[in-house]
Amino acid sequence: MSRSLLSISDLGETGLRRLLSIADHMAEVNRRPNPKVPALRGKTVCNLFFEDSTRTRLSFETAAKRLSADTMNFAVSQSSLNKGESLRDTVETIAAMGVDAFVIRHGSSGAPWQLGAWTNASVINAGDGWHAHPTQALLDMYTVRTTLNRLEGFDGLSVAMVGDIKHSRVARSTTEAFKMLGADVTWVAPRTLLPPSHREHVVSNLDEVLDDIDIVYLLRMQKERMNEALVPNLREYTTRFGLTPERAARLGDHVLVMHPGPMNRGVEMAVDPSELRGSVINQQVTNGINVRMAVLFDLLGSGSENSLAGSAEV
Ligand code: NCD
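Conventions and cut-offs
- Residues numbered from 1 in each chain as written.
- Predicted model: local features only at pLDDT ≥ 70, side-chain atom pairs only at ≥ 80, totals over all residues.
- Heavy atoms only, no water.
- Helix = DSSP H or I, 4+ residues; strand = E, 2+ residues; numbered from the N terminus.
- Buried < 20%, exposed > 50% of the residue type's maximum accessible area, 1.4 Å probe, protein only.
- Lys, Arg positive; Asp, Glu negative; His and termini not counted.
- Salt bridge = Lys/Arg side-chain N within 4 Å of Asp/Glu carboxyl O.
- Polar contact = N/O pair within 3.5 Å; in protein donor to acceptor, adjacent residues only side chain to side chain.
- Contact = heavy atoms within 4.5 Å.
- Pairing = 2+ DSSP bridges.
- Axes fitted to C-alpha atoms, helices over the stretch in contact; angles between N-to-C directions.
- Parallel < 35°, antiparallel > 145°, perpendicular 65-115°, else oblique.
- Left-handed = near helix turned anticlockwise from the far one by under 90°.
- Nonpolar A, V, L, I, M, F, W, Y, C, P; charged D, E, K, R; others polar.
- Near = heavy atom within 4 Å.
- Areas by Shrake-Rupley, 256 points an atom, 1.4 Å probe, with all protein chains shown as cover.
- Core = buried A, V, L, I, M, F, W, Y, C linked by side-chain atoms within 4.5 Å.
- Domains from an automatic or database assignment.

1. Notes on the side chain of Glu268
Moving on, step 1. Turning to its location among the elements, Glu268 is positioned in the loop between β9 (256-258) and α9 (281-301).
Moving on, step 2. Despite being buried, Glu268 has no salt bridge partner; Arg220 is the closest side chain of opposite charge, sitting 6.3 Å away.
Moving on, step 3. Of the polar contacts made by the side chain of Glu268, one reaches the backbone nitrogen of Asn264; its length is 2.8 Å.
Moving on, step 4. Contact partners of Glu268, with chain neighbours within four places excluded, come to Leu218, Leu219, Arg220, Met221, Tyr237, Gly242, Leu243, His259, Pro262 and Met263.

Below, the structure is given as structure tokens:
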């Protein structure tokens, strides 16, 4: 049975730390003039994206190519799913072509687990419904670790995760990873945008925490996942939860500003992020490639003839 990456809890703290340290090697590869190594030559990675994505899909594809894996991109809109073929038949057909790993994004929570029951290939969860997005959490942890030079962990760091927690798989996975590494996480959200049960400390106005935090993590308002009006209007939301110029001016010099993208400018991000001293949003995107290379290498390369220790080229 091949190994998979489905959630941060499955990975555990040891797995999380292992991937962050493999990502250091991948960052070194990515700094080279020719950022490509033969580590996964002969392996095939298939991207199955059932939801829209810019950065996650391109990031996985780039990561696979930099490790010399072959990539297949499955376009849902041009597939036989539109002729009524079931997801299971589609997956088994693709697997029969010889796939070592599936990268799946799906609107239904649990879809990657289902896929794992149908294939012997590794499965990587690139976001399932409201549930989990483990590689986003990894790139977030890697960004904090390298920016603040916190190799040991995040003890004493205080994080505010702000906005639409209820519909956000990023909020769940990234909160879990921050806590695993020792940070304190506060959720800043209106009641209507909180999940029904949670153990996090919650406040209902960004101003309450602004002076005490080291990291402000803004979430996108996920309009496509809302069937009901959960906020009175977006202007009201920005007044209480948005990063406005006034709030940005109050942030301490050391505070990092993070966002998983895509962002709603003028809603949660009511300033130009390029003018924020502490913004690491572009580093998050860059680090996405480092951590996804680490995940692919860990699942498909290590333990085989391609192991990191044995490969002088990585
Ligand atoms: C996130 C996602 O799709 O879960 N985006 C991403 O992967 N960078 C966050 C979002 O869509 O709000």
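Structure shown, so let's carry the discussion forward.
2. Some remarks on the pairing of strand β3 (residues 101-106)
Moving on, step 1. With six of six residues buried, β3 is to be regarded as a mostly interior element.
Moving on, step 2. A two-sided burial pattern is seen for β3, the buried positions comprising Ala101, Val103 and Arg105 on one face and Phe102, Ile104 and His106 on the other.
Moving on, step 3. With five bridges connecting them, strand β1 (residues 44-49) and β3 associate as parallel partners. Bridge pairing in β3 places Val45 opposite Ala101.
Moving on, step 4. With five bridges joining them, β3 and strand β4 (residues 122-128) adopt parallel strand pairing.

3. Description of the packing of helix α2 (residues 55-66) against α9
Moving on, step 1. Their axes nearest at 8 Å, the elements α2 and α9 cross at an angle of 55°. The angle between α2 and α9 falls in the class oblique. Our pair here, α2 against α9, has a crossing hand that is right-handed. In contact with Thr56, Ser59, Phe60, Thr62, Ala63, Ala64 and Arg66 of α2, α9 contributes Gly288, Ile289, Arg292, Met293 and Leu296.
Moving on, step 2. Classifying every residue of the contact of α2 with α9 by side-chain character gives six nonpolar, four polar and two charged.

4. Considerations on the site of the ligand
Moving on, step 1. Around the ligand, a shell composed of Arg55, Thr56, Arg105, His133, Gln136, Arg169, Val170, Arg220, Gln222, Pro260, Gly261 and Pro262 is seen.
Moving on, step 2. In the environment of the ligand, an oxygen atom lies 2.8 Å from a nitrogen or oxygen atom belonging to the side chain of His133.
Moving on, step 3. The separation between a nitrogen atom of the ligand and a polar main-chain atom of Pro260 is 2.9 Å.
Moving on, step 4. Contact with the protein chains removes 95% of the 310 Å² of surface that the ligand exposes when unbound.
Moving on, step 5. Breaking the shell around the ligand down by element, the ones donating at least two residues are α2 and α6 (169-180).
Moving on, step 6. Grouping the constituent residues of the shell around the ligand by class yields three nonpolar, five polar and four charged.

5. Some words on the nonpolar core
Moving on, step 1. Counting 61 residues, the largest nonpolar core has Leu67, Leu138, Met161 and Phe178 as the members making the most contacts within it.
Moving on, step 2. Among the elements that take part in this core, helix α1 (residues 8-30) stands out by supplying 10 residues, more than any other.
Moving on, step 3. Both domains that meet at this core, namely domain 1 (8-133 + 288-312) and domain 2 (134-284), each give it at least three residues.
Moving on, step 4. Setting aside its immediate chain neighbours within four residues, Leu67 contacts Met26, Val37, Pro38, Ala39, Leu40, Arg41, Met293, Leu296 and Phe297.

6. Considerations on the packing of α1 against α9
Moving on, step 1. It is at 8 Å that the axes of α1 and α9 come closest, and there the two elements cross at 115°. Crossing angle aside, the handedness with which α1 passes α9 is right-handed. Residues Arg18, Leu19, Ile22, Ala23, Met26, Ala27, Val29 and Asn30 of α1 touch α9, and the partners they reach there are Ile289, Asn290, Val291, Met293, Ala294, Val295, Phe297 and Asp298.
Moving on, step 2. The residue inventory of the contact of α1 with α9, partitioned by class, reads 12 nonpolar, two polar and two charged.

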